[in-house]
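Structural overview for review
Okay, here's what each chain looks like letter by letter:
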Amino acid sequence: VPTELAVRESVRLLNDLTFEAPDMPIKVRNVVANQVLKDDGSDVSTFLNKVSEGQQVSIRELSDAVVRTGIPIETTQVPYIDTEP
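Residues numbered from 1 in each chain as written. Predicted model: local features only at pLDDT ≥ 70, side-chain atom pairs only at ≥ 80, totals over all residues. Heavy atoms only, no water.

**Remarks on the side chain of Thr 18**
- Tracing the backbone through its elements, the reader meets Thr 18 in helix α1 (residues 4-19).
- Within the structure, the side chain of Thr 18 is placed 2.7 Å from the backbone oxygen of Leu 14, a separation counted as a polar contact.
- Those residues in contact with Thr 18, other than ones at most four positions away along the chain, are Pro 25, Ile 26 and Val 28. (Helix = DSSP H or I, 4+ residues; strand = E, 2+ residues; numbered from the N terminus. Polar contact = N/O pair within 3.5 Å; in protein donor to acceptor, adjacent residues only side chain to side chain. Contact = heavy atoms within 4.5 Å.)

**Side note on the pattern of salt bridges**
- One pass over the structure, following the stated rule, counts three salt bridges.
- Where Arg 12 meets Glu 9, a salt bridge forms, and the shortest distance between an N and an O atom there is 2.5 Å. Taken together, the positions of Arg 12 and Glu 9, both in helix α1 and three residues apart, correspond to about one turn of that helix.
- Taking relative accessible area as the criterion, Arg 12 reaches 39% and is therefore assigned partly exposed.
- Given a relative accessible area of 41%, Glu 9 falls into the partly exposed group.
- When the shortest N-O distance is used, the salt bridge between Asp 16 and Arg 12 registers 2.4 Å. Separated by four residues within a single helix, Asp 16 and Arg 12 lie in helix α1, roughly one turn from each other.
- Each member of the salt-bridge network shares a partner with another, and the members are Glu 9, Arg 12 and Asp 16. (Salt bridge = Lys/Arg side-chain N within 4 Å of Asp/Glu carboxyl O. Buried < 20%, exposed > 50% of the residue type's maximum accessible area, 1.4 Å probe, protein only.)

**Observations concerning a nonpolar patch on the surface**
- Nonpolar side chains collect at one region of the surface, where Leu 14, Ile 26, Val 28 and Val 31 lie side by side and expose about 320 Å² of accessible area between them.
- You can see Val 31 is positioned in the loop between α1 and α2 (44-69). (Patch = residues over 30% accessible without salt bridge, like charges linked within 9 Å, V, L, I, M, F, W, Y side chains within 5 Å. Areas by Shrake-Rupley, 256 points an atom, 1.4 Å probe, with all protein chains shown as cover.)

**Observations concerning α2**
- With 26 residues, α2 should cover 38 Å at 1.5 Å per step; its first-to-last C-alpha distance of 37 Å lies within 8% of that length.
- Among the residues trailing α2, Gly 70 stands out with phi positive, at a value near 75°. (Expected span 1.5 Å × (residues − 1).)

**A few points about the side chain of Asp 43**
- Mapped onto the fold, Asp 43 is located in the loop between α1 and α2.
- One buried charge, Asp 43, has no salt-bridge partner; the nearest side chain with opposite charge is Lys 38, at 5.2 Å.
- With residues near it in sequence (within four places) discarded, Asp 43 still touches Val 36, Leu 37 and Lys 38. (Lys, Arg positive; Asp, Glu negative; His and termini not counted.)

Structure follows, in structure tokens:
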């Protein structure tokens, strides 16, 4: 997934695999970036709809789990912020 956090973790893992143990390096022949959107934006709407649907299912599951506890737990939904730290 081409996000800053995912790329940093992938670079860390790549360094660990190839340089951490010089006597037994692991050969890395391919790196995959999943969920890459097209440059022309033609798949953005479909992607966002699927993300939204998945979020709604997950939020319902979370809400159901909270209700099952029998404890009055407040669930706060924080809106998407278009920046990544």
